[in-house]
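Given next are the chains, with one letter for each unit.
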Amino acid sequence: MTTAIPVAAATTLRTRGRRARIIRRLGRNPLALISITVLLIAVLVAVSANWVAPDSASATDLAHTFSPPGTAGHLLGTDDLGRDILSRIMFGVRASLEVAFLAVLTSLVIGVPLGLIAGYYRGADSVISRIADVLLSFPFLILAVGLAAIRGASLSNAAVAIGIAQIPGVLRLVRSDTLRLKSLDYVAAALVDGASDRWVLLRHILPNATSVILVQATVALPAAILGEAVLSFLGLGIQPPQPSLGTMLSAAQEFAARAPWAAVFPGVAIMLLALAFNIFGDSLRDALDPKGSR
Amino acid sequence: MGRYLLSRAWQSLLTLFAVVVLVFLGIRALPGDPARALAGEDSSPSALKAIRHEYGLDRPLPVQFWKYIEQLLHGNLGVSINTGSSVDSMLATALPVTFELTALAMLIASLIGIGTGVLAAVRRGKPVEWFANGFALIGLSVPHFWLGLLAILYLSVGAGLFPASGFVSIWSSPLDNLHHIILPAVILGTGLSAVLMRQTRSAMVDALSADYVRTAKAKGLPWRTVITRHALRNSLIVVVTVAGLQLGELISGAVVTEQIFSLPGFGKLTIDSVFRRDYPVIQAVVLVTATAYIVINFLVDLLYSVIDPRVRVAGKDS
């Protein structure tokens, strides 16, 4: 009865120590710090776009179309309808993050449990892995095409298409990690001790698979951001006039020769966002790696 | 070997069957009347009836499915609502364009990706590695359709170096053809090279620290030979698999690239068919892509098992 408390305390101490070590490692990596700063700014801008943006995203001003960057009141210039590009980028970043988080959440909510089950129960594995194969044979764009054909193009359908396309990746990763963890002694010990499968999966395997899942999520987020941009650019995602970085670029195609800034800045925004996520993901993976020297 | 092949072939067939079922059900999940969707918005009642009969929509679902499979096995993918021509013939004109684009892009991606990957691994900790890693990170983060847009804006329209859009068949003028397709292929290829570079680099780093490389070095082989004949050769196993898995990216990328450069390929067919609600074409496009994906991944697995004997052994107990 008394032994339970020290064991629990030791566990929390150990996880706390591990977490502190990861944060310490991230803090020592300048690239990680820069990427975290960029991401924090992006999230802040996305959340507060209604108040921070110098202009509304859809306010047209036909007297000031194609203002070059640096024009008073329009730091990044205006587009063909005189809309402020900086403001539209801010709202576009919000849409990008929204789609990306929705998509990755979808893939995790479906992929993680399926991966756990497939890795733990041999019988379920063949069925689940076949389903993953079927999903995998639809490239995400084709999936989005099919979904847009059936349900129409929208922000949520774009997120669902990207999310579904990411399920096989999550599933395979969690499955192989579960397979690895299942063969370890402490799982066998728990089973001998009379723990139920559910208990072992949720209390012993899932927590140890978290770092793999976390790294996968940070890789999936920039991919989802690029995916949203592509879908919206093609007209399969967010629909104009709702601002999105992809639709901004697709509109700018028409007048890019006259107003190149309209075609440049939204692309830079997408790239910075994806780059920050990718660098953060890389740093996180390094920090989580127990073999890492730092 | 035989057993492994058989089980992989069986798996692929099963997946293919599931894909066909999914596409079949997808068309029937269309909002409203599928016959109206298939016939186009302003179709007469008699046309609707004909479509219903042609697709067997007036019969029970299992019978419909049987008829659908029968049509597929005859290679009949239906008739486009929009142009009235057979989907088969539309695919026949569009696919070669995409084949050329993707093959060229894959070549460029392999040259850049494997080349920089090897360089980064060999020159570990040197500026070369930093440049290569930075290049890969940016390559992973940049939206490639945006690069295409900028390339058209500055290289085609601005400098007049390349045609901004359009396509010339390789059979009518190979040189003109290359002139039209090289820029889209470079854009698509650099996009894919980032992932290839990362995989090559990590595989090469592992290989270079392996015992067999040390042995090769110790017995006095020139460094160049050790890298190309020993380390790279073993790393390529990983790279081949990744290249196979990248196929989805390649297809998605081709769709976007063709759209930007107005190349009359498979991707343009796909996007046009969605906006024109040309359901027979959409259905065919989805089916063809999924089939290509399954077949190519099966071939990659074959190649993999030919190169690496361990796969054959592992295949026995799974």
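Before any of the text, the structure's been laid out above.
A brief structural summary.

Calculation notes
- Residues numbered from 1 in each chain as written.
- Chains lettered and ligands numbered in written order.
- Predicted model: local features only at pLDDT ≥ 70, side-chain atom pairs only at ≥ 80, totals over all residues.
- Heavy atoms only, no water.
- Helix = DSSP H or I, 4+ residues; strand = E, 2+ residues; numbered from the N terminus.
- Contact = heavy atoms within 4.5 Å.
- Areas by Shrake-Rupley, 256 points an atom, 1.4 Å probe, with all protein chains shown as cover.
- Buried < 20%, exposed > 50% of the residue type's maximum accessible area, 1.4 Å probe, protein only.
- Salt bridge = Lys/Arg side-chain N within 4 Å of Asp/Glu carboxyl O.
- Patch = residues over 30% accessible without salt bridge, like charges linked within 9 Å, V, L, I, M, F, W, Y side chains within 5 Å.
- Buried area = accessible area lost by both parts, 1.4 Å probe.
- Nonpolar A, V, L, I, M, F, W, Y, C, P; charged D, E, K, R; others polar.
- Core = buried A, V, L, I, M, F, W, Y, C linked by side-chain atoms within 4.5 Å.
- Polar contact = N/O pair within 3.5 Å; in protein donor to acceptor, adjacent residues only side chain to side chain.

1. Topic: the overall build of chain A
Along its length, chain A carries 10 helices and zero strands. Taking the principal axes of the C-alpha coordinates as reference, chain A spans close to 75 × 45 × 30 Å. In chain A, the proportion of contacts linking residues at least 24 apart, taken out of those at least 6 apart, comes to 71%. Surface exposure of chain A reaches about 13,800 Å², of which carbon and sulfur atoms provide 67%.

2. Topic: the side chain of His180(B)
Residues and elements named next belong to chain B. Position of histidine 180 relative to the elements: it lies in helix α8 (residues 174-208). Given the relative accessible area of 16%, histidine 180 is considered buried. Sequence-distant contacts of histidine 180, defined by excluding residues within four places in its chain, comprise Pro163, Ser165, Gly166, Phe167 and Val168.

3. With respect to unusual backbone geometry
Leave glycine aside and you will find that most residues have negative phi; peptide bonds, for their part, are mostly trans. In this model, Pro240(A) is joined to Pro241(A) through a cis peptide bond whose omega is 10°. As for its placement among the helices and strands, Pro241(A) is situated in the loop between α8 (197-234) and α9 (245-255). The phi dihedral of Ser262(B) falls on the positive side, at around 45°, and the residue is not glycine. The partly exposed category is assigned to Ser262(B), whose relative accessible area is 31%.

4. Looking at the pattern of salt bridges
Counted under the stated rule, the structure contains nine salt bridges over all chains. Here Asp133(A) makes a salt bridge to Arg172(A), at a shortest N to O gap of 3.0 Å. Separated by 39 residues along the polypeptide, Asp133(A) in helix α4 (residues 122-136) and Arg172(A) in helix α6 (residues 155-182) bring together distant segments of the chain. Judged by relative accessible area, Asp133(A) falls into the buried class, the value being 18%. Glu129(B) serves as the salt-bridge partner of Arg201(B), at 2.7 Å between the closest nitrogen and oxygen.

5. So, a nonpolar patch on the surface
Taken together, the side chains of Leu31(A), Ile34(A), Val38(A) and Trp130(B) define a hydrophobic patch exposed on the protein surface, amounting to about 410 Å² of accessible area. Considering each element in turn, the nonpolar patch owes the most residues, three residues, to helix α2 (residues 30-52) of chain A. Within the secondary structure, Trp130(B) is located in helix α6 (residues 127-141). For Trp130(B), a relative accessible area of 61% corresponds to the exposed category.

6. Quick look at the interface of chain A and chain B
Counting residues at the interface gives 39 residues for chain A, matched by 46 residues for chain B. Roughly 3,600 Å² of surface becomes buried between chain A and chain B when both sides are summed, with 78% attributable to carbon and sulfur atoms. Summed over the three residues of chain A that lose the most area to chain B, namely Ile142(A), Ile150(A) and Leu234(A), the buried surface amounts to 15% of that side. Counting the contacts that link chain A with chain B gives one salt bridge. Residues Arg198(B) and Asp282(A) are paired through a salt bridge, measuring 2.5 Å at the closest nitrogen-oxygen approach. For the side of chain A that touches chain B, the elements supplying multiple residues, two or more each, are α4, α5 (140-151), α8, α9 and α10 (260-288) of chain A. Considering each element in turn, the side of chain A that touches chain B owes the most residues, 13 residues, to α10(A). By residue class, the composition of the side of chain A that touches chain B is 29 nonpolar, five polar and five charged.

7. Quick notes on the nonpolar core
As a rule of thumb, soluble globular proteins bury nonpolar side chains together. Phe138(A) and Leu234(A) are the most contacted members of the largest nonpolar core, which totals 158 residues. Sorting elements by how many residues they give to this core places α8(A) first, with 17 residues. Discounting residues that sit within four places of it in the chain, Phe138(A) has contacts with Leu143(A), Val19(B), Leu22(B), Val23(B), Val286(B) and Ala290(B). Judged by nonpolar contacts, the second largest core, of five residues, contains Ala118(A), Ala132(A), Ile167(A) and Leu171(A).

8. Focus: the side chain of Asn177(B)
Residues and elements named next belong to chain B. Structurally, asparagine 177 can be placed in helix α8. Take asparagine 177: its relative accessible area is 1%, and that puts it in the buried class. At 3.1 Å, the side chain of asparagine 177 forms a polar contact with the side chain of glutamate 100. Excluding residues within four positions of it along the chain, asparagine 177 makes contact with Glu100, Phe167, Val168, Ser169 and Ile170.

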